[in-house]
Amino acid sequence: LIGVYTNRYGERWELQLKGSGKTPYSRNGDGRAVLRSSVREFLCSEAMHYLGIPTSRVASLVVSDDDVWRDQFYNGNIKKERGAIVLRVAKSWFRIGSIEILAHSEELDLQRRLLDFVIQEHFPSIAMNDSNRYLEFFSTVVSETANLIALWMSVGFAHGVCNTDNFSLLSLTIDYGPFGFMDSYDPNFVPNTSDDERRYKIGNQANVGLFNLSKLLQALKPLLDPRQKQLASQILEGYGEQYYIRFTELFKAKLGLLGENEDDNYLIAFLLKVSLL
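Residues numbered from 1 in each chain as written. Predicted model: local features only at pLDDT ≥ 70, side-chain atom pairs only at ≥ 80, totals over all residues. Heavy atoms only, no water.

Caption draft 1: Highlighting the overall build of the protein. Looking only at helices and strands, one finds eight helices and seven strands in the protein. In terms of overall dimensions, the protein is globule-like: its C-alpha atoms have a radius of gyration of 20 Å, near the 19 Å expected for 277 residues. For the protein, with 277 residues in total, the buried portion stands at 42%. Here the analysis covers contacts within the protein between residues at least 6 apart in sequence; of these, 60% occur between residues at least 24 apart. Carbon and sulfur atoms make up 52% of the accessible area of the protein, which amounts to about 15400 Å² in all. Placing the 30 positive and 34 negative side-chain charges of the protein at their respective mean positions leaves the two points 5 Å apart. (Helix = DSSP H or I, 4+ residues; strand = E, 2+ residues; numbered from the N terminus. Rg over C-alpha atoms; globule rule 2.2 N^0.38 Å. Buried < 20%, exposed > 50% of the residue type's maximum accessible area, 1.4 Å probe, protein only. Contact = heavy atoms within 4.5 Å. Areas by Shrake-Rupley, 256 points an atom, 1.4 Å probe, with all protein chains shown as cover. Lys, Arg positive; Asp, Glu negative; His and termini not counted. Charge placed at Lys NZ, Arg CZ, Asp CG, Glu CD.)

Below you can see the structure in the form of structure tokens.
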């Protein structure tokens, strides 16, 4: 993260570099990015934006003179590739993992400060003096996450690595890696060649969303009183219904179905079956 930019419309964008080298968080990686994946992120994030799906975007892409060594297909065949640096922008780069890691290390004061900052900056409908603000925050993230994954499914998009560190607190599509689009409907479609267990197959994205939200709730619990914990659990239980309602709305729109009819769900299922064939 290199800074925050305010444009002429008063919108604040966080600027982040991908592929610029090692940081304290690079673990064992080299901190570099290859041109191939950088171009894919640029193209896909722009496509998602114009499809009306919340996403980060790429402001610029610079080709690097550095050689980067990568095993593209994870088959032991390492090759030299051209490097690149992407300047990408989003309203916020905070993720579920940003909250989770602070709870794990029991840095509760810092966790509270981070949550208050995120709420104040990005959730204007939530009053900062509201004792239920973390509950309201969680409710919004649950609802918007359900909406985001339904939107992914409506265009056949598989993220590829749906862990808590790749799920935005603002419910944006972030961290484009081994993503892919289905050519025909296949709930077992996996774009990530290293995902041998098919954990992040496209048909499991809604379930993984629920798993990640449960991890967020677990991280928030030290900041909630007993009543708020109970209400938060009830909110999480409603995630599946919210996802199903939004998924149905999107697919009814695809089919041009108006109003409510008991056969609508049958037609949606039939459409997917035909696509599978």
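More follows now that the structure is in view.
Caption draft 2: Examining the environment of Glu11 more closely. By secondary structure assignment, the location of Glu11 is in the loop between strand E1 (3-6) and strand E2 (12-18). For Glu11 and Lys91, which are 80 residues apart along the polypeptide, the C-alpha to C-alpha distance reads 8.4 Å. Setting aside chain neighbours within four positions, we find Glu11 in contact with Tyr5, Thr6 and Lys91.

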